[in-house]
Amino acid sequence: MARRVTLRLSLAAACVVAAALLALLVVAIVPADKTGAGAVRASTTSPPNRAAVPILMYHAIRTAPAGARLPSLFVRPKEFAAEVRALRRTGYSAVTLQQVWDAWHHGAALPRKPIVFSFDDGYASQVSIALPVLRRAGWVGVLNLALDWVDDIGGEAAVRRLIDAGWEIDSHTRTHPDLTRVSAQQLADETAGARAEITRRFGVPANFFCYPSGRYDARVVAVVRKAGYLAATTVKRGFATPANPFTLARVQVDGGMGAAALIKRLSTLRKRYPRLS
């Protein structure tokens, strides 16, 4: 009897030692994580995807009115639909800027040829035309919303239609000023203030910023960063890369360009980024 008890105690002790060794092995393999989710991330997250991604820049999706100051900012509906079809045929798939960021920094998956459709300011045609065209393709867009344009786009209900369709809403300031010429107080309101209002009104994080008319300087970039944005887009031509998050390049789509010219422009720009060749 005493021998049996001793044997059981020895087996129990061996199990304890084995469990302790296994725990030490797990700790050595999986780094500590304050959220408790480190083990899951370590087994499911891929290395960051640092590839460059094209971000298209659109404005109004309609025929330019007579006397328009910048007619190139107006892309006709049929032209826009043809561009979407051509991009699909060429193998592109639309994603949000947040998805790109998550791939760059957290190893999230992206399609083979990701592309971002960004729309600046806030025009009714972005909801009435761009939304259904992209929806038919199974794609989403990104609205860089200037808060003074909410009525122009169709009110809060129109913005919520985009959100419900999976679009990302980002900040394009409150009044669309030249940020390099405003006071410190206004700059703070146009960046941090605008972001806070978008979150309050629409319940979205607005993690990204778009400089009005592409105007920025070191002071503006510093304030945008301080406001908590993850990155910011410009009007510089090129593909966006993680190397310069607060000066992300875009590809402007001009009215009259057409699908063939857009594909050619993307193909030409792509050659600058060997990883996408």
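Here goes a summary of the coordinates provided. Quantities reported herein were computed from a predicted structural model and do not represent experimental measurements. (Residues numbered from 1 in each chain as written. Predicted model: local features only at pLDDT ≥ 70, side-chain atom pairs only at ≥ 80, totals over all residues. Heavy atoms only, no water.)

A closer look at the nonpolar core
For clarity, the cut-off: We call a set of buried residues a nonpolar core when its members are Ala, Val, Leu, Ile, Met, Phe, Trp, Tyr or Cys and they connect through side-chain atoms within 4.5 Å of each other. Relative accessibility decides the category of a residue: with a 1.4 Å probe and only protein chains considered, values under 20% of the type maximum give buried, values over 50% give exposed, and everything between is partly exposed. Runs of H or I in DSSP of at least four residues are treated as helices and runs of E of at least two as strands, each being numbered from the N terminus. Only heavy atoms matter for contacts: two residues are in contact if any of them lie within 4.5 Å across the pair.
By size, the foremost hydrophobic cluster in this structure holds 45 residues, and its most contacted members are Leu-56, Tyr-58, Phe-80, Phe-117 and Phe-119. Here the element with the most residues in this core is helix α5 (residues 124–136); it accounts for 5 residues. Once you skip the residues sitting within four places of it in the chain, Phe-119 turns out to touch Tyr-58, His-59, Ile-61, Phe-80, Gln-126, Ala-130, Leu-134, Gly-141, Val-142, Leu-143, Asn-144 and Trp-167. Ranked by size, the runner-up nonpolar core spans 15 residues in total, among them Val-100, Trp-101, Ala-103 and Leu-110.

Things to note about the environment of Asn-144
Note that Asn-144 resides in strand β4 (residues 142–145). Sequence separation of Asn-144 and Met-57 is 87 residues, and the distance between their C-alpha atoms is 9.9 Å. Among all residues touching Asn-144, those that are not within four sequence positions of it are Ser-118, Phe-119, Asp-120, Asp-121, Asp-170, His-172, Cys-210, Thr-233 and Arg-250.

A short note on the packing of α5 against helix α7 (residues 156–164)
To be explicit about the condition: For helices, the axis comes from a line fit to the C-alpha atoms of the stretch in contact; other axes are also lines fit to C-alpha atoms, and the angle between any two N-to-C directions lies between 0 and 180 degrees. Any angle that falls under 35 degrees is termed roughly parallel, while one over 145 is termed roughly antiparallel, one within 65 to 115 roughly perpendicular, and all others oblique. Handedness of a helix crossing follows the sense of rotation of the near helix relative to the far helix, less than a right angle counterclockwise being left-handed and clockwise being right-handed. Only Asp, Glu, Lys and Arg are considered charged in this grouping, and only Ala, Val, Leu, Ile, Met, Phe, Trp, Tyr, Cys and Pro are considered nonpolar; every other residue, Gly among them, is considered polar.
Put simply, α5 and α7 touch, their axes get as near as 10 Å, and they point 20° apart. One element, α5, and the other, α7, form an angle in the roughly parallel class. Viewed along their axes, α5 and α7 form a crossing whose handedness is left-handed. Between α5, through Gln-126, Val-127 and Leu-131, and α7, the contact on the second element is made entirely by Ala-158, Arg-161 and Leu-162. Partitioning the contact of α5 with α7 into residue classes produces 4 nonpolar, 1 polar and 1 charged.

Let's talk about helix α3 (residues 77–89)
Defined as follows: Expected helix span is taken as 1.5 Å per residue step, with the number of steps being one fewer than the number of residues.
Taking 1.5 Å as the rise per residue, α3 with 13 residues should run 18 Å; its terminal C-alpha atoms sit 19 Å apart, in good agreement. Where α3 is concerned, the buried positions are Glu-79, Phe-80, Ala-81, Glu-83, Val-84, Ala-86 and Leu-87. Buried-residue contacts for α3 involve β1 (55–58), β3 (114–121), α5 and α10 (259–270). Once α3 ends, the next one or two residues include Gly-91, with phi positive near 100°.

Describing the side chain of Ser-118
Topologically, Ser-118 is positioned in strand β3. Residue class for Ser-118 comes out buried when judged on its relative accessible area of 3%. Other than its neighbours up to four places away in sequence, Ser-118 contacts Ile-55, Leu-56, Met-57, Tyr-58, Val-142, Asn-144 and Arg-250.

So, the packing of aromatic side chains
What counts is decided by this rule: Each pair of aromatic rings taken from Phe, Tyr and Trp, with Trp reduced to its six-membered ring, is defined by centres within 6.5 Å and is described as stacked if the planes are under 30 degrees apart, edge-to-face if over 60, and tilted in the remaining cases.
Using the criterion set out here, one finds 12 aromatic pairs in the structure. When the centroid spacing of 5.8 Å and the interplanar angle of 45° are considered together, the rings of Phe-117 and Trp-139 count as tilted. Placement of the pair is Phe-117 in strand β3 and Trp-139 in the loop between α5 and β4, with a sequence separation of 22 residues. You'll find Phe-117 and Trp-139 in the same group, each marked buried. A centroid spacing of 5.5 Å and a plane angle of 75° characterise the contact between Phe-209 and Tyr-211, whose relative ring orientation is edge-to-face.

Things to note about the environment of Lys-113
Note the threshold: Polar contacts here mean pairs of N or O atoms no more than 3.5 Å apart (in protein, one a potential hydrogen donor and the other a potential acceptor; neighbouring residues in sequence count only if both atoms are side-chain atoms).
Note that Lys-113 resides in the loop between α4 (97–106) and β3. When the C-alpha atoms of Lys-113 and Leu-87 are compared, they prove to be 9.8 Å apart, with 26 residues separating the residues in sequence. In this view, Lys-113 contacts Thr-90, Gly-91, Tyr-92, Ser-93 and Arg-270; residues no more than four positions away in its chain are not counted. Within polar-contact distance, the side chain of Lys-113 engages the backbone oxygen of Thr-90 at 2.8 Å.

Concerning the pairing of strand β5 (residues 168–171)
So the rule is basically this: When DSSP finds at least two bridges between two strands, those strands are taken to pair.
Burial along β5 is two-sided: Glu-168 and Asp-170 facing one way and Ile-169 and Ser-171 facing the other are all buried. Sheet topology note: the β4/β5 ladder contains 4 bridges and is parallel. What sits directly across from Leu-143, in β5, is Ile-169.

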